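# A look at the structure
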Amino acid sequence: MTWTLPDTPAAETLRPYDLRCEHLATPSGIGVAVPRLSWRLASDRRGDAQAARRVRVTGPGGVLAWDSGWIEDEDVSADYGGAPLTSFARYAWQVEVRPADGPATAAESWFGTGVLHPDEWRAAWIGHDPETEPPFEPPTDDPEPRGARTAHLPAPRCFRTELALSPATSVRIACTARGLYELRVNGHRVGDGELTPGWTDYRQRVPYQVHDVTDLIGDGPACVGAVLADGWWSGSLGWDGRRQAQHYGRDPQLLVQIVADHPDGSRTVAGTDEGWRESTGPLRYADLLMGEWYDARLEHDGWDLPGFDDSAWAPARVVDTGHGVLVPTAAEPVRVTEELRPVSTSESGGRTVVDLGQNIAGRVRLTLRGAARGDRVTLRHGEALTDDGALYTANLRSAEATDHYVAAGRPEETYEPRFTVHGFRYVEITGAPADVEVTGRVLHSDTPVAGEFSCSDAMVRQLTSNLRWSQRGNFVSVPTDCPQRDERLGWTADAQVFLPTACYNADVAAFFTGWLADLRSAQTAEGAVPDVVPHVMTGRHGTPGWGDAATIVPWHLYHVYGDERVLRDSLPSMRRWVDHVERHNPGLIWRTRVGSHYGDWLQAGVRTSRDVLATAFFALSAELTAKAAGVLGDNTARDRYAGLRARIGEAFAREFVAADGRITGDTQTGYLLALAYGLVPGELVPAAVGHLVADLERRGRRLTTGFAGVGLLGPVLSEHGRHDLAYALLHDDRYPSWGYSIKRGATTIWERWDGWTEETGFGPVAMNSFNHYALGSVGAWLYGGVAGIGQEEGSVGFRRPLIRPLPGGTLRWAEAAHDTPLGRLRSRWEVSGGVLRLEVQVPPGALATVHVPTTDPSSVRESGAPVDGVATDSALVCRAGSGRHVFTAAWER
């Protein structure tokens, strides 16, 4: 298990692969009546393209539900157009594609449906009834580890029922929780999702998962059980803790609906109700922030099997019968995606400190041999060590991140927490026997890998690794800011600035589609957008750069994936956000603080004008809203917001751009925002670039940018011909820089440039995460600038790729690949002996514009032949159809 880009299939002729339904591979419980089916294309032939397509869908019993017939176009997606889908059913689908001059080829997949009609729900929400709970009698040698922060944490509950389901041709279970659940059927865990059902704004949406358990049902009675824990619903959340917070509810609740189809055509539907039984189990508490306490002596052997005596268990309590907030899961679940073995172990004072060699979000699986009954093993987690080798936990604030396991006394015991997650590289173990095995288990939302970047420089390769690991560690159901301390919130600015990098690394279409639904539902009646989504705790709305996620995220998703539905769903929200800002700032300079204002968060030693930053984002949001309206054919809205954008630009220039091109505040981020968003009058652009360059040179080619500006450094400098400066920043290992943290052993992106320095040691404990992706937004420039994988202006879904690599710095070679909606796009360049070699792979159906870097355009060759193109000062620009192309050209540094 590793997070690597999969190989594309070998294809002598055009063939489809990587079939998706609603952006997901084989989803088991979609809830839309008209799902979108899509595929990618592969071919080893040059110039191949899809000329026609045909999609067929068959339902239960092999009955044809839809045949699109042959449609002559290049679209690599189709909206289902057949007979109405049936709930809790499995559908097989096939796509055939045909090139203009060859045979048709096909690929197959399937999808399952969930509840398509709300009145089909039968299950009730059940929970614990404290009035029927027998008194808990802990073992006499109970080593209770509770402290002040965990004393109030309740014990997770086990729920079970038995019922007759056989004979059955299929059995499906829809399950969810207000809290976290683990589903079990006849002694088996069901599914591989972790921390299910995930985190959404439970007041508006509670996702459910559908599982096909047919193979787990035998001839006799069936036992369906679940373990239920607090999770985000009623556990510790952010810095509010549990008793103070409980933003959604006081106690967790479970909902399970079981649907069995029988050979005679009948259907049995059953679900959670007062007939279910419940009890405590070996989990004494489980909390996302505090950790877990598991007492193996309290296990109920066979509780999830038929025939278990549950007479001492209490009846479950029905707490709710409403289903209005239930929605099908729209994204990949959190999964264990990789295992890590320790790279070193040290002993000190009875404590063992294990180094996994990588900062992760996840947990530890512990295998003990020779532990006596009642022995307690404690696991404490941290991202760093102090100078004396002790675990550093001050930056966790109130999060204890501690797991306890009490042994049952078996010869070998294995323990892995189920309802908590930690951000850590190091784990401190106490109380374990001498024979102990430790395995790191990496958890994150299992977004499919969509890209990879590499180059000749070891430090830049480590930077790439760091930002990918930070993406993994912070995409845990929602895009969070950090995985370790008592925060872990979906800050909107962090998400929007990192989104371009995230999209290169992984297919995040489904992941962000669900998150945007929570953003829209949390928007105020006035149109203000919260600082964190799901919206909890902060109570803050309308912050410049944060609220603008409402426009930036949907537009970028459309730009990358070409799915107009995200704009259709988001345009009303985009308009309301821009209208809200305009209403409070009729002069079009965003000065009015109707929410918070963080400026260029965590910039280094400077203070960018907040009015400059806010107004720049105002202009950007107006522009993106105009574009979205245009795509959807709303020309009235397009013209309104395009006009607003023009007026904001004029106001910005009058207010902030001096006659010599200087931007108010004279900071790197101020210039970057103004240049990137087209807010500098054309005749003053060279002067503004000059001021940006002068600031960098004056500081010894060091950056000062924070969250808002860091991702713009490479693109803006490259766009204006200063690749040398962009590369200087990339290679820098002085403070502040990416290389500074790497030189000090960082394996993820730090939250702040001064997370640790020689002068002060660890940074402020109040806010010092060592796993925080925002400052890793440079990743988009590595893909799009250094390796040169991008799109032409106006292109969506990579229909018109732009290959424009930028050799420079100390790099001898660089390469990147990205899975576009059409298929694999790849670029690799290498410089040796005065010759540059550029290899390009273009997916079927795409026509790429290629900038072959060269100091002599007449020297460019492809397969030894001259290349027709347009010469520029630094490249020969040509066209390349699908397939593999190899160019050579003269090159001098």
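Here the structure is a predicted model, which means the values were calculated and not measured.

Turning our attention to the overall build of the chain. On a plain count of helices and strands, the chain comes out with 15 helices and 48 strands. Over its C-alpha atoms the chain spans a radius of gyration of 28 Å, differing by no more than 12% from the 29 Å that the globule rule assigns to 893 residues. Burial status across the chain gives 62% buried among its 893 residues. Put simply, 74% of the contacts in the chain that link residues at least 6 apart link residues at least 24 apart. Of the roughly 31,800 Å² of accessible surface on the chain, a fraction of 48% belongs to carbon and sulfur atoms. Side-chain charges of the chain comprise 88 positive and 114 negative groups, with the mean position of each set lying 3 Å from the other.

Strand order in the open sheet made by the seven strands is β33-β40-β41-β42-β48-β44-β45, with antiparallel pairing throughout. Edge positions in the sheet fall to β33 (451–455) and β45 (865–866), since each has one partner strand and no second. This element, helix α15 (residues 779–786), spans β33, β40 (813–819) and β41 (824–832) of the sheet and lies at about 75° to β33.

Moving on, we get to the sheet that holds strand β46 (residues 870–871). Reading across from one edge, β38-β39-β43-β47-β46 is the order of the five strands in this open sheet, with mixed pairing throughout. Of all the strands in the sheet, the pair left with one neighbour each is β38 (789–791) and β46.

Turning our eyes to something else, we now look at the environment of Val210. With respect to the helices and strands, Val210 occurs in strand β13 (residues 206–212). Using a relative accessible area of 5% as the deciding quantity, one classes Val210 as buried. Distance from Val210 to Gly62, taken between C-alpha atoms, is 21 Å for residues 148 residues apart in sequence. Excluding residues within four positions of it along the chain, Val210 makes contact with Ser28, Gly29, Phe88, Thr113, Gly114, Arg172, Ile173 and Ala174.

Counting 233 residues, the largest nonpolar core has Trp39, Val57, Phe453, Phe512 and Val850 as its most contacted members. Sorting elements by how many residues they give to this core places helix α7 (residues 610–631) first, with 13 residues. Ignoring sequence-local partners within four residues, the contact set of Phe453 consists of Val460, Thr464, Leu782, Tyr783, Val786, Ala787, Ala814, Glu815 and Ala816. Ile126, Leu163, Val256 and Trp276 belong to the second largest nonpolar core, which has 24 residues in total.

Further remarks concern the packing of helix α13 (residues 723–731) against α15. Orientation of α13 relative to α15, taken along the N-to-C sense of each, is 135°, at an axis distance of 13 Å. For the element pair α13 / α15, the angle class is oblique. As α13 runs across α15, the sense of the crossing is left-handed. Facing α13, whose interface residues are Ala726, Tyr727 and Leu730, α15 presents Trp781, Leu782 and Val786. Within the contact of α13 with α15, the residues separate by chemical class into six nonpolar, no polar and no charged.

Let us look at the side chain of Asp201. Mapped onto the elements of the fold, Asp201 is located in the loop between β12 (188–189) and β13. Here Arg203 takes part through its side chain, which lies 2.9 Å from a polar atom of the side chain of Asp201. With residues near it in sequence (within four places) discarded, Asp201 still touches Tyr248, Asp518, Ser521 and Pro534.

Before going further, it helps to spend a moment on the packing of aromatic side chains. A full pass over the atoms with the stated rule returns 35 aromatic pairs. Seen from their ring centres, Trp590 and Phe618 are 6.4 Å apart, and the 75° between their planes marks the pair as edge-to-face. Placement of Trp590 in the loop between α6 (565–584) and α7 and of Phe618 in helix α7 is noted, with a sequence separation of 28 residues between them. Judged by its relative accessible area of 4%, Trp590 falls in the buried class. Take Phe618: its relative accessible area is 1%, and that puts it in the buried class. Site record: aromatic cluster; members linked through ring pairs are Phe475, Phe498, Phe511, Phe512, Trp515 and Tyr773. The ring of Trp110 has Arg90 sitting right over it, with the charged end atom 4.0 Å from the ring centre. Note that Arg640 overlies the ring of Tyr641, its terminal NZ or CZ placed 4.4 Å from the centroid.

Here Glu338 is to be found in strand β23 (residues 334–340). Take Glu338: its relative accessible area is 11%, and that puts it in the buried class. Separated by 3.0 Å, the side chains of Glu338 and Arg472 make a polar contact.

Further remarks concern helix α2 (residues 458–474). Its 17 residues place the ends of α2 24 Å apart at the C-alpha level, agreeing with the 24 Å of an ideal helix rising 1.5 Å per residue. In terms of residue burial, α2 counts as a mostly covered element, since 13 of its 17 residues are buried.

Turning our attention to helix α9 (residues 668–676). Within α9, eight of the nine residues are buried, which leaves the element mostly enclosed by the surrounding structure. Close packing links the buried residues of α9 with α7, α8 (635–656), α10 (685–698), α11 (707–710) and α12 (713–719).

On to the packing of helix α5 (residues 549–561) against α7. The N-to-C vectors of α5 and α7 enclose an angle of 45°; their axes lie 9 Å apart at closest approach. When the interaxial angle is binned, α5 and α7 end up oblique. At the point where α5 passes α7, the crossing takes the left-handed sense. On the side of α5, the interface is formed by Thr551, Ile552, Trp555 and Tyr558, while α7 contributes Phe617, Leu620, Ser621, Leu624, Thr625, Lys627, Ala628 and Val631. The residue makeup of the contact of α5 with α7, split by class, is eight nonpolar, three polar and one charged.

What counts and what doesn't
- Residues numbered from 1 in each chain as written.
- Predicted model: local features only at pLDDT ≥ 70, side-chain atom pairs only at ≥ 80, totals over all residues.
- Heavy atoms only, no water.
- Helix = DSSP H or I, 4+ residues; strand = E, 2+ residues; numbered from the N terminus.
- Rg over C-alpha atoms; globule rule 2.2 N^0.38 Å.
- Buried < 20%, exposed > 50% of the residue type's maximum accessible area, 1.4 Å probe, protein only.
- Contact = heavy atoms within 4.5 Å.
- Areas by Shrake-Rupley, 256 points an atom, 1.4 Å probe, with all protein chains shown as cover.
- Lys, Arg positive; Asp, Glu negative; His and termini not counted.
- Charge placed at Lys NZ, Arg CZ, Asp CG, Glu CD.
- Pairing = 2+ DSSP bridges.
- Axes fitted to C-alpha atoms, helices over the stretch in contact; angles between N-to-C directions.
- Core = buried A, V, L, I, M, F, W, Y, C linked by side-chain atoms within 4.5 Å.
- Parallel < 35°, antiparallel > 145°, perpendicular 65-115°, else oblique.
- Left-handed = near helix turned anticlockwise from the far one by under 90°.
- Nonpolar A, V, L, I, M, F, W, Y, C, P; charged D, E, K, R; others polar.
- Polar contact = N/O pair within 3.5 Å; in protein donor to acceptor, adjacent residues only side chain to side chain.
- Phe/Tyr/Trp six-rings, centres within 6.5 Å; stacked < 30°, edge-to-face > 60°.
- Lys NZ or Arg CZ within 6 Å of the ring centre and 35° of its normal.
- Expected span 1.5 Å × (residues − 1).

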